[in-house]
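The chain contents come next:
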Amino acid sequence: MSNRDIIVIGGSAGATAPLKQILGRLPPDLPAAVFIVLHIPAQGIGILSTVASSAGPLPVRQAENGMKIEPSQVYLAAPDHHLLLSEDRVFLGRGPRENMVRPAIDALFRSAAISYGPRVIGVLLSGLLSDGAAGLNAIKRCGGISVVQDPSDAIADEMPRSALEATIIDLCVPGAGMGDVLSDLARETAGAALPIPPEIRLEVEIAAGERIGSDNLLSVADPVALTCPACGGVLSEIKEARPMRFRCQVGHAFTGDILAKEQEGRVDEALRVALRIIEERAELVQRMATDGRRSGRPAVAEMYGTRAAEYREYADMIRRVVLKSLDPPVSQAEGLRVSP
């Protein structure tokens, strides 16, 4: 029997501080490899040096395609690539974005789950919305251990809380104590292997860049009357997913809350476009009313003047809706998709 020798860590807004605490406490003889996905921009720089400076005795590498996995090493996801694990090797996937990001936490967690099952320790740190919750659920379904940062200890508590709602979490630990906990867990014997759910394997293939195909998608999801915000395609709801999730035929994936967030931005944009068009229409018919008066056509001038007033009323109504949409209080650092 093997020990739990694969530790996968995901984080977003506010995750840098607990990550530093974790890496600073891991021993040089850690009998496990550590893999990290932080939500970083496609051209992100400085993340490697930030993590490496906090890693204590463990060397930190940026993951490269085909790199062999070794214990007592820290592997950091490369920008704009999914970090995937298979057959003791690291692979970089160029599959579709998940929750509008690549690398995605869930993609790493799923690939670890199907490749290493009960040998996996999944860790979810501070962050917004529900990234990582589905991946932790996959780790649990394949026999692994799930750990989340205590929400009361997180700068952004939404990701840990979403995971606690989506699956059975084994440990909820403050960032300062998590390094010691992971060191102890890594030395424990892994449990028995469990059957790999086919839908988890399919989603790993999508992250790797495999063509999804409508038939394959229908086997794990049901089409719904929703549009993918990334490509405009039809979305399908993943069957019995926790948390609620959707995929399109291209492979873009969204949890329900992140899809709602994307829709909110599009609604605001559409309202602003409508406001501009109506204001331009009001300006045009007002000029036509003025022209009617100048040319001695009072009836025409009155008709266009009335229309101009109506359009201005419509514009005022839309403007009030736009302003009202900005009124609800935003959560801390809401909208950030990049860790500080």
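Preceding block: the structure.
Now for a quick tour of the structure. Owing to the predicted nature of the structure, the values given are computational and were not obtained by experimental measurement.

Rules used throughout
Residues numbered from 1 in each chain as written. Predicted model: local features only at pLDDT ≥ 70, side-chain atom pairs only at ≥ 80, totals over all residues. Heavy atoms only, no water. Patch = residues over 30% accessible without salt bridge, like charges linked within 9 Å, V, L, I, M, F, W, Y side chains within 5 Å. Areas by Shrake-Rupley, 256 points an atom, 1.4 Å probe, with all protein chains shown as cover. Salt bridge = Lys/Arg side-chain N within 4 Å of Asp/Glu carboxyl O. Helix = DSSP H or I, 4+ residues; strand = E, 2+ residues; numbered from the N terminus. Pairing = 2+ DSSP bridges. Buried < 20%, exposed > 50% of the residue type's maximum accessible area, 1.4 Å probe, protein only. Contact = heavy atoms within 4.5 Å. Phe/Tyr/Trp six-rings, centres within 6.5 Å; stacked < 30°, edge-to-face > 60°. Core = buried A, V, L, I, M, F, W, Y, C linked by side-chain atoms within 4.5 Å. Axes fitted to C-alpha atoms, helices over the stretch in contact; angles between N-to-C directions. Expected span 1.5 Å × (residues − 1).

1. Comments concerning a nonpolar patch on the surface
And step 1. On the surface, a cluster of nonpolar side chains totalling about 270 Å² of accessible area is made up of Tyr-314, Met-317 and Val-321.
And step 2. On the secondary structure map, Tyr-314 appears in helix α10 (residues 298-325).

2. Re the pairing of strand β10 (residues 221-227)
And step 1. As defined by bridge partners, β10 adjoins strand β11 (residues 234-238) across four bridges and the pair is classed as antiparallel. Counterpart to Asp-222 in the pairing with β11 is Glu-237.
And step 2. Between β10 and the antiparallel strand that follows it, β11, lie six residues; Gly-232 among them carries a positive phi value of about 85 degrees.

3. Brief notes about the environment of Asn-137
And step 1. You can see Asn-137 is positioned in helix α4 (residues 133-141).
And step 2. A relative accessible area of 11% means that Asn-137 is categorised as buried.
And step 3. A sequence separation of 14 residues divides Asn-137 from Pro-151, and the C-alpha atoms of the two residues are 18 Å apart.
And step 4. Residue contacts for Asn-137: discarding those within four places in its chain leaves Ala-166, Thr-167 and Arg-242.

4. A closer look at the packing of aromatic side chains
And step 1. A full pass over the atoms with the stated rule returns two aromatic pairs.
And step 2. With a centroid separation of 5.0 Å and 15 degrees between ring planes, the pair formed by Phe-35 and Tyr-75 is classed as stacked. Of this pair, Phe-35 sits in strand β2 (residues 33-38) while Tyr-75 sits in strand β4 (residues 74-76), placing them 40 residues apart in sequence. With respect to burial, Phe-35 and Tyr-75 carry one shared label: buried.
And step 3. Ring plane angle 70 degrees and centroid distance 6.3 Å describe the contact between Tyr-311 and Tyr-314, whose orientation is recorded as edge-to-face. Note that Tyr-311 and Tyr-314 are positioned in helix α10 at a spacing of three residues, about one turn of the helix.

5. Overview of the nonpolar core
And step 1. Residues Ile-6, Val-8, Phe-35, Leu-85 and Val-90 are the most contacted members of the largest nonpolar core, which totals 34 residues.
And step 2. Listing elements by their share of this core, those giving two or more residues are β1 (6-11), β2, β5 (82-86), α3 (105-116), β7 (120-124), α4, α5 (158-166) and α7 (198-208).
And step 3. With seven residues, the single largest contributor to this core is α3.
And step 4. Ignoring anything within four residues of it in the chain, the contact list for Val-90 reads Phe-35, Ala-63, Glu-64, Asn-65, Gly-66, Met-67, Ile-69, Tyr-75, Leu-83, Leu-84 and Leu-85.
And step 5. If you look at the next biggest cluster of nonpolar residues, it comprises 28 residues, including Ala-32, Leu-58, Val-147 and Leu-182.

6. Let's talk about the sheet that holds strand β9 (residues 171-173)
And step 1. Taking strand neighbours across the sheet as the criterion, the seven strands line up as β3-β4-β2-β1-β7-β8-β9 in an open arrangement whose pairing is parallel. Two strands lie at the open edges of the sheet, namely β3 (60-62) and β9, each paired on one side alone. Averaged over all adjacent pairs, the angle separating strand axes in this sheet is 20 degrees, with direction ignored.
And step 2. On top of the sheet, helix α1 (residues 16-25) reaches β1, β2, β4 and β8 (145-149); it is set at about 170 degrees to β2, its chief contact.

7. So, helix α9 (residues 256-294)
And step 1. Its 39 residues give α9 an end-to-end C-alpha distance of 57 Å, which sits within 8% of 57 Å, the value for a rise of 1.5 Å per residue.
And step 2. Looking at α9, one finds that the buried residues are Ile-258, Leu-259, Asp-268, Leu-275, Ile-278, Ala-282, Val-285, Ala-289 and Gly-292.
And step 3. Phi for Gly-296, located one or two positions after α9, is positive at around 75 degrees.

8. What about unusual backbone geometry?
And step 1. A cis amide bond, omega 15 degrees, links Arg-102 with the succeeding residue Pro-103.
And step 2. Mapped onto the fold, Pro-103 is located in the loop between β6 (89-93) and α3.
And step 3. Residue Pro-243 is bonded to the preceding Arg-242 through a cis peptide linkage, with omega at -5 degrees.
And step 4. The residue Pro-243 is located in the loop between β11 and β12 (245-248) in this model.
And step 5. The phi angle at Asp-80 is positive, at roughly 65 degrees, despite the residue not being glycine.
And step 6. Inspection of the secondary structure puts Asp-80 in the loop between β4 and β5.

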